[in-house]
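# Results of the structural survey
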Amino acid sequence: MRLHITCPNCESPAYGFRKRQLSTLVTELAYECRNPLCRASFVFQGEVTRWLTIPSNLNPQLNVPLSPIVQRRQQLDAINNLQTAVLPDIGEMITLERGSQIDIFSEQPEQ
């Protein structure tokens, strides 16, 4: 897909004729108006401002936030994936992985 830019002066189509990478996230593009009565040339500056999808191999040095829509989608996915903890009955001991038990009502667990 090509980026179609219009002339800010006469709103006619413009074509790009030069590109300059200012940084990893910022690019400048030089355009010229196709209207023969205008022929204005100008610089368009584009910047990466947010991720619409999280890259599979994310560069940790880039400080690009997620789109609010992606953030909400992640939060909803996290909520949907939450599991309800099953608590023991009152007075029942909680069994640890090692097989030892602790009294959840005592000040300090037994060691």
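Computed from a predicted model, the values in this text were never measured in an experiment. (Residues numbered from 1 in each chain as written. Predicted model: local features only at pLDDT ≥ 70, side-chain atom pairs only at ≥ 80, totals over all residues. Heavy atoms only, no water.)

A few words now on the overall build of the protein chain. Along its length, the protein chain carries 1 helix and 6 strands. In the protein chain, the order of α-helices and β-strands from amino to carboxyl end is β-β-β-β-α-β-β. Counting across all 111 residues of the protein chain, residues that qualify as buried make up 14%. Looking at the protein chain as shown, the accessible area adds up to about 10000 Å², and 51% of this sits on carbon and sulfur atoms. (Helix = DSSP H or I, 4+ residues; strand = E, 2+ residues; numbered from the N terminus. Buried < 20%, exposed > 50% of the residue type's maximum accessible area, 1.4 Å probe, protein only. Areas by Shrake-Rupley, 256 points an atom, 1.4 Å probe, with all protein chains shown as cover.)

Another aspect to go through is the nonpolar core. If you look at the biggest cluster of nonpolar residues, it comprises 6 residues: I5, C7, A14, Y31, C33 and F42. Apart from the residues lying within four places of it in its own chain, the contact partners of A14 are I5, T6, C7, Y31, E32, C33, R34 and F42. (Core = buried A, V, L, I, M, F, W, Y, C linked by side-chain atoms within 4.5 Å. Contact = heavy atoms within 4.5 Å.)

What follows is about the pairing of strand 3 (residues 26–33). Most of strand 3 sits inside the fold, with 6 of its 8 residues counted as buried. The sheet contact formed by strand 2 (residues 13–21) and strand 3 spans 7 bridges and is antiparallel. Bridge pairing in strand 3 places R18 opposite A30. Once strand 2 ends, the chain turns through 4 residues before running back antiparallel as strand 3. Here 7 bridges tie strand 3 to strand 4 (residues 41–47), and the two strands are oriented antiparallel to one another. (Pairing = 2+ DSSP bridges.)

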